Amino acid sequence: MPVKSTLLALLLLFCGTAITSAADDYQLGADSQRQEGVPKGKVVNGKWTSEKVFPGTVRDYWIYTPAQYDGSKPACLMVFQDGGGYVNENGQFRVPVVFDNLIHRKEMPVTIGIFLSPGTIPAAQPGQKDRSNRSFEYDSLGDQYSKFLIDELLPGLVEKYSLKLTDDPEGRGICGISSGGICAFTVAWERPDKFRKVISHIGSFTNIRGGHVYPAVIRKTEKKPLKIFLQDGSNDLDNLHGHWPLANQQMAASLKFKGYDYQFELGDGGHSGKHGGMLLPETLRWLWRDYPK
């Protein structure tokens, strides 16, 4: 083997080893920890059975309301797919803790968080297993999931809990991880009149159910009034559906080409929320940086 090729092979081997070992180095900062003197919001949970868009599916939900919310005026809104992972205060994202700290310091507006699990289809017979509806809901393109949120679930929760949410789409964000990440983008893409802020962690912009077309579609579609944050890692998935790091780089390139307000953070992590969780406080500050105080 020529000297140059040998050196290149050794360099790639070394870099590959370094990347693999560095993939677990992401650590949560102070904004993701409970701080003395910061008022603590409340989280309630329940179950929702869809009767219209995904009839018969059942899902868990959690609703976070910050201590500063008193119902006297509408709050901003953020919806999280795969919500159980985001609402967990001991998890990789710890959204209620981060929200408490940032809202207290007025680095983001008073915001209600709604955290949703994907739907499951209950077993038809005793002894059988429930079936997950996650991929159908999250990976499918089109407006079905946005209809579920906007026309069915959100009105139901607003009525049940007497919530006051802003109608301003600039005050509404949506977030998700993996298939939940492409789902978040799809909702805002389909309904920018309702959601204009997107956070996608390790988003599955691959050919699970056709999502690989988004970079091309973005380039050929009139620019929409969206603000988008993408995060992925160079050790993310590579399988029959596609290559996650390349897919996210294609998304970022298309957003840049069309002049979108976006950020793309490519780290060295794998298919997990470690990097996205570490970045979440700064992500939220960026997402809400120009929203009226």
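Provided above is the structure to which this section pertains.
Residues numbered from 1 in each chain as written. Predicted model: local features only at pLDDT ≥ 70, side-chain atom pairs only at ≥ 80, totals over all residues. Heavy atoms only, no water.

Engineer: I would appreciate a short explanation of the overall build of the chain in the present structure.
Structural biologist: Helix and strand counts for the chain stand at nine helices and 12 strands. The C-alpha radius of gyration computed for the chain amounts to 20 Å, which stays within 12% of the reference 19 Å derived for 293 residues, consistent with globular compactness. Residue burial in the chain is summarised as follows: out of 293 residues, 49% are buried. Of all intrachain contacts in the chain linking residues separated by at least 6 positions in sequence, the fraction that spans at least 24 positions is 78%. For the chain, the accessible area works out to roughly 13,800 Å², and carbon and sulfur atoms hold 54% of it. (Helix = DSSP H or I, 4+ residues; strand = E, 2+ residues; numbered from the N terminus. Rg over C-alpha atoms; globule rule 2.2 N^0.38 Å. Buried < 20%, exposed > 50% of the residue type's maximum accessible area, 1.4 Å probe, protein only. Contact = heavy atoms within 4.5 Å. Areas by Shrake-Rupley, 256 points an atom, 1.4 Å probe, with all protein chains shown as cover.)

Engineer: I would appreciate a short explanation of the packing of helix α3 (residues 95-104) against helix α9 (residues 274-287) in the present structure.
Structural biologist: When two helices pack together, their arrangement is given by the angle between the helix axes and the distance between those axes. Two elements in contact, α3 and α9, have axes whose closest approach is 10 Å; the angle formed by their N-to-C orientations is 50 degrees. Taken together, the axes of α3 and α9 are oblique relative to one another. In this structure, the crossing between α3 and α9 has a hand that is right-handed. Contact with α3, carried on its side by Val95, Val98, Phe99 and Leu102, involves Leu280, Pro281, Leu284 and Arg285 of α9 and no other residues of that element. (Axes fitted to C-alpha atoms, helices over the stretch in contact; angles between N-to-C directions. Parallel < 35°, antiparallel > 145°, perpendicular 65-115°, else oblique. Left-handed = near helix turned anticlockwise from the far one by under 90°.)

Engineer: What is the right way to look at the pairing of strand β9 (residues 227-233) in this model?
Structural biologist: Each regular strand displays side chains that alternate between the two surfaces of the sheet. Of all seven residues in β9, seven are buried; the element is thus mostly enclosed. Side chains Lys227, Phe229, Gln231 and Gly233 of β9 all project onto a buried face; the interleaved residues Ile228, Leu230 and Asp232 project onto the opposite face, where all are buried too. Of the strand pairs in this sheet, strand β8 (residues 197-201) and β9 are connected by five bridges, and their pairing is parallel. Each bridged residue has a counterpart across the sheet, and for Ser200 the counterpart in β9 is Leu230. Regarding the hand of the β-α-β motif, the stretch spanning β8, helix α7 (residues 214-220) and β9 is right-handed. (Pairing = 2+ DSSP bridges. Right-handed = clockwise from strand over helix to strand, strands pointing away.)

Engineer: Would you mind showing me how to read the pattern of salt bridges here?
Structural biologist: A side chain of one charge can pair with a side chain of the opposite charge if their charged atoms are brought near each other. Following the criterion strictly, the structure yields 17 salt bridges and no others. Between Lys47 and Asp60 there is a salt bridge, with its nearest N and O atoms 2.6 Å apart. With Lys47 in strand β1 (residues 42-49) and Asp60 in strand β2 (residues 58-65), the pair connects residues that are 13 residues apart, well separated along the chain. A salt bridge links Asp193 to Arg191; the shortest N-O distance between them is 2.9 Å. On the accessibility criterion, Asp193 (40% relative accessible area) is partly exposed. For Arg191, a relative accessible area of 21% puts it in the partly exposed group. Bridged by salt links that share partners, the residues Asp31, Arg105, Glu107, Glu282 and Arg285 form one connected network. (Salt bridge = Lys/Arg side-chain N within 4 Å of Asp/Glu carboxyl O.)

Engineer: What am I meant to see in the side chain of Asp268 here?
Structural biologist: Relative to the assigned elements, Asp268 resides in the loop between β12 (261-267) and α9. Of the buried charged residues, Asp268 lacks a salt bridge, with Lys274 as the closest side chain of opposite charge at 10 Å. A polar contact of 2.8 Å, which involves the side chain of Asp268, links it to the side chain of Tyr26. (Lys, Arg positive; Asp, Glu negative; His and termini not counted. Polar contact = N/O pair within 3.5 Å; in protein donor to acceptor, adjacent residues only side chain to side chain.)

Engineer: How should the packing of aromatic side chains be read in this particular structure?
Structural biologist: Each aromatic ring pair is characterised by the separation of its centres together with the angle its planes make. In the structure shown here, the tally under the stated rule is 18 aromatic pairs. Ring centres of Tyr64 and Phe99 lie 5.5 Å apart, and the angle between their planes is 75 degrees; on these two criteria the pair is classed as edge-to-face. Remark: Phe99 occurs in helix α3 and Tyr64 occurs in strand β2; sequence separation between them is 35 residues. Look at Tyr64 and you get buried, because its relative accessible area is 1%. On the numbers, 5.9 Å between centres and 85 degrees between planes, the contact of Phe185 with Phe205 is edge-to-face. Taken together, the positions of Phe185 in helix α6 (residues 179-190) and Phe205 in the loop between β8 and α7 put the pair 20 residues apart, joining distant regions of the chain. As far as burial versus exposure is concerned, Phe185 and Phe205 are alike and both buried. (Phe/Tyr/Trp six-rings, centres within 6.5 Å; stacked < 30°, edge-to-face > 60°.)

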